[in-house]
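The primary structure of each chain is shown beneath.
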Amino acid sequence: MSVLEKMSSAEAIALEDKHGAHNYHPLPVVLSRGEGVYVWDVEGKKYYDFLSAYSAVNQGHCHPKIVGAMVQQAQTLTLTSRAFYNDKLGVYEQFVTDYFGFDKVLPMNTGAEAVETALKICRKWAYEKKGIAENQAQIIVCEGNFHGRTTTIISFSNDANARKNFGPYTEGFIRIPYDDIEALENALNSSPNIAGFLVEPIQGEAGVYVPNEDYLAKAKALCEKYNALFIADEVQTGIARTGSILAVCGNCTCENKCEKQATYVAPDILILGKALSGGAYPVSAVLANDHIMNVIKPGQHGSTFGGNPIAGAVAIAALEVINDEKLIQNARRLGKLFRAQIGEYIKTSTIATLVRGKGLLNAVVINDTEESDTAWNICLKLAENGLLAKPTHGNIIRFAPPLVMNEEQLLDCVSIIVNTLKEFER
């Protein structure tokens, strides 16, 4: 078949199955176009996107401002490597550090790369600033975490599927229960070699677990008490997804991060990715202040594509869209509406037991075991009914539409979800 010929969904799936590694299990939907909150398959069927590429497409599919910035820069200069300066990187670095309130940014490409970068910075800081003996630094992480798929990251995962037959594993991590302040203090107090605490402000992949309201503030205070770095992985929760520019902003109502807001928990290291580019290009970032970031010297960390001109242009445009279109406020308002509407249905449901989340990062728990295929079958039926979502951990369905969705569209989606769930009532 010529690559220029239009293929059917079945043909496209067969091609992937034959020539691609089987490291994903997608829903059998083959998408060929996207705009705003909608995507279309190769046969032309239209769907609401309720996954947003795992919260990468917060600004909506193919946002014209973001795509325009990418095309313009791609026609001018795409890549120099960091062997030379370029005229876009410094502009982006100033923009993003001002936007999030940090002295420095280390630009990378993917979320997993950014997490690895943060871990390296944390360890180097521990040896050179805190005085921990070399190779003895330990970093505290949480059970149920998801920070990526690299060898180091799966070393501290408790997902057996992600770990099995990928060892030997990287040492230097202490795993504790999520949302457990006592466990965190015990771990911080257990050794003088604790370098930092890496945490997702909301555990997305684990099933959209929102911690107690004071968890992050107490965790940050404990890190300060024991001189350990508080590292916030906001790859999925950041960039307006939870109804604040960052999930660590709590219930902040400003359009940007503001240190004067009582609910803001200031990370020592902030990790960003996904929607930092609006899903148009791989862009990630690690932000920290000088006393931390300055431990990195030339030749000690880098990436050929990290900080490339296209990434800088795209990220600036993506962040401007967040403010220009008031997507923080929209996510907060529609998220409350979504949980209220779904919660009302759940009161009398036998198939759905709980809705939880913050902003437009939400999940519905299905009344079945993690080993069952009920949630998967519900997602197949949702797709049939014109809405795309995906299960996580077997019996949980994550719902995370683009933040450009309006109220009329959201209520239409709620109707699709409720009517689909009703087909599975027992």
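Refer to the structure presented above.
Overview of the structure. Throughout this description, residue numbers start from 1 for each chain and increase along the sequence as written. A pLDDT threshold of at least 70 governs which residues receive local features in this predicted model, and a stricter bar of 80 or more applies before side-chain atom pairs are shown or counted, although totals over entire chains, interfaces and linings include all residues. Note that water and hydrogens are dropped before the side-chain values are worked out from all heavy atoms of the structure.

**Let's talk about the overall build of the chain**
Part 1 of the reasoning: Here a strand is any run of E in DSSP of at least two residues, a helix any run of H or I of at least four, and the numbering for each starts at the N terminus. Along the chain, the regular secondary structure elements total 14 helices and 15 strands.
Part 2 of the reasoning: We compute the radius of gyration from the C-alpha atoms alone; for a globule the expected value is 2.2 Å times N to the 0.38, where N is the number of residues. Computed over the C-alpha atoms, the radius of gyration of the chain is 22 Å, within 12% of the 22 Å expected from 2.2 N^0.38 for a compact globule of 426 residues.
Part 3 of the reasoning: Principal-axis analysis of the C-alpha atoms gives the chain an extent of 60 × 55 × 45 Å.
Part 4 of the reasoning: Between buried and exposed lies partly exposed: a residue is buried under 20% and exposed over 50% of the maximum accessible area for its type, with that area taken using a 1.4 Å probe on protein chains only. Looking at the chain as a whole, 53% of its 426 residues are labelled buried.
Part 5 of the reasoning: Intrachain contacts of the chain at a sequence separation of at least 6 include 72% that bridge at least 24 residues.
Part 6 of the reasoning: For the chain, the computed accessible surface area is about 19000 Å², with 50% contributed by carbon and sulfur atoms.
Part 7 of the reasoning: Both charge centroids of the chain, one from 39 positive and one from 48 negative side chains, sit 2 Å from each other. We call two residues in contact whenever any of their non-hydrogen atoms come within 4.5 Å of each other. Only the protein chains shown count as cover for residues, and the accessible areas themselves come from Shrake-Rupley with a 1.4 Å probe. Charge assignment: positive for Lys and Arg, negative for Asp and Glu; neither His nor the chain ends contribute. Where a charge sits is defined by one atom per residue type, namely NZ (Lys), CZ (Arg), CG (Asp) or CD (Glu).

**Quick look at the nonpolar core**
Part 1 of the reasoning: Side-chain atoms within 4.5 Å link the members of a nonpolar core, which is a set of buried Ala, Val, Leu, Ile, Met, Phe, Trp, Tyr and Cys residues. If you look at the biggest cluster of nonpolar residues, it comprises 93 residues, and the most contacted ones within it are F50, F100, F197, L387 and F399.
Part 2 of the reasoning: If you tally residues by element for this core, the top one is helix 11 (residues 309-324), at 10 residues.
Part 3 of the reasoning: Ranked by size, the runner-up nonpolar core spans 29 residues in total, among them L106, A195, I292 and M293.

**Quick word on the packing of aromatic side chains**
Part 1 of the reasoning: Side-chain rings of Phe, Tyr and Trp (the six-membered ring for Trp) are treated as a pair once their centres are within 6.5 Å; stacked means planes under 30 degrees apart, edge-to-face means over 60, and tilted covers the remaining angles. Under the criterion given, the structure shown has 10 aromatic pairs.
Part 2 of the reasoning: One cation-aromatic arrangement involves R33 over W40; the distance from NZ or CZ to the ring centre is 3.8 Å.
Part 3 of the reasoning: Distance and angle both matter: a charge sits over a ring if NZ of Lys or CZ of Arg is within 6 Å of the ring centre and within 35 degrees of the ring normal. The cationic tip of R356 hangs over the ring face of Y209; the distance from NZ or CZ to the ring centre is 3.9 Å.

**Here's the deal with helix 5 (residues 111-130)**
Part 1 of the reasoning: Helix span, expected: 1.5 Å multiplied by one less than the number of residues in the helix. When the terminal C-alpha atoms of helix 5 are compared, their 27 Å separation across 20 residues agrees well with the 28 Å that a helix rising 1.5 Å per residue should span.
Part 2 of the reasoning: Burial in helix 5 covers these residues: G111, A114, V115, E116, T117, A118, L119, I121, C122, K124, W125 and A126.

**Brief notes about the sheet that holds strand 8 (residues 229-233)**
Hydrogen bonds between backbone groups are what pair the strands of a sheet, and the pairing can be parallel or antiparallel.
Part 1 of the reasoning: Read across the sheet, seven strands follow the order 4-10-9-8-7-5-6 without closing on themselves; strand pairing throughout is mixed. Bordering the open sheet on either side are strand 4 (104-108) and strand 6 (173-176), each of which pairs with just one other strand. Mean inter-strand twist for the sheet, computed between neighbouring axes without regard to direction, equals 20 degrees.
Part 2 of the reasoning: Note on pairing: two strands pair once DSSP finds at least 2 bridges between them. As defined by bridge partners, strand 4 adjoins strand 10 (residues 284-288) across five bridges and the pair is classed as antiparallel. Note that in strand 10 the partner of K104 across the bridge is A288.
Part 3 of the reasoning: The convention used is that axes are lines fitted to C-alpha atoms, helices contributing only their stretch in contact, and that angles between N-to-C directions extend from 0 to 180 degrees. In the packing of helix 8 (residues 181-188) onto the sheet, the strands contacted are strand 5 (138-142), strand 6 and strand 7 (194-199), and the crossing angle to strand 6 comes to about 155 degrees.

**Structural notes on helix 11**
In an α-helix, one turn spans 3.6 residues; hence positions three or four apart end up facing the same way.
Part 1 of the reasoning: Helix length check: helix 11, at 16 residues, gives a terminal C-alpha distance of 23 Å against a target of 22 Å (1.5 Å per residue), a fit within 8%.
Part 2 of the reasoning: Most of helix 11 sits inside the fold, with 13 of its 16 residues counted as buried.
Part 3 of the reasoning: N or O atoms closer than or at 3.5 Å make up a polar contact, with two conditions inside protein: a donor-capable atom paired with an acceptor-capable one, and, for residues adjacent in sequence, both atoms drawn from side chains. The opening residue of helix 11, the one whose side-chain oxygen lies 3.1 Å from the backbone nitrogen of I310, is N308.

**Structural notes on the sheet that holds strand 11 (residues 352-358)**
Part 1 of the reasoning: In space, the four strands of this open sheet follow the order 11-12-15-14, with antiparallel pairing throughout. Pairing within the sheet leaves two strands with one partner each, and these edge strands are strand 11 and strand 14 (390-392). Recorded for the sheet is a direction-independent mean angle of 30 degrees between the axes of neighbouring strands.
Part 2 of the reasoning: Looking at chain direction, strand 12 (residues 361-366) and strand 15 (residues 396-399) are connected through four bridges and run antiparallel. Its bridge partner being in strand 15, V364 is matched across the sheet by I397.

**Description of the packing of helix 3 (residues 64-74) against helix 11**
What describes two packed helices is the angle between their axes and the distance between those same axes.
Part 1 of the reasoning: Where helix 3 meets helix 11, the axes come as close as 8 Å, and the angle between the chain directions of the two elements is 160 degrees. The orientation of helix 3 relative to helix 11 falls into the category roughly antiparallel. Crossing hand, helix 3 versus helix 11: right-handed. Residues K65, I66, A69, M70, Q73 and A74 of helix 3 lie in contact with helix 11, whose contacting residues are P309, I310, A313, V314, A317, A318, E320, V321 and D324. Convention used here: angles under 35 degrees read as roughly parallel, angles over 145 as roughly antiparallel, angles from 65 to 115 as roughly perpendicular, and any remaining angle as oblique. Should the near helix be turned counterclockwise from the far one by less than a right angle, the crossing is left-handed, whereas a clockwise turn marks it as right-handed.

**Re the environment of A53**
Part 1 of the reasoning: For A53, the location among the structural elements is in helix 2 (residues 52-55).
Part 2 of the reasoning: Taking relative accessible area as the criterion, A53 reaches 39% and is therefore assigned partly exposed.
Part 3 of the reasoning: Separated by 221 residues in sequence, A53 and K274 place their C-alpha atoms 8.4 Å apart.

**Describing the environment of S191**
Part 1 of the reasoning: Take S191: it is sitting in the loop between helix 8 and strand 7.
Part 2 of the reasoning: Sequence separation of S191 and A137 is 54 residues, and the distance between their C-alpha atoms is 9.7 Å.

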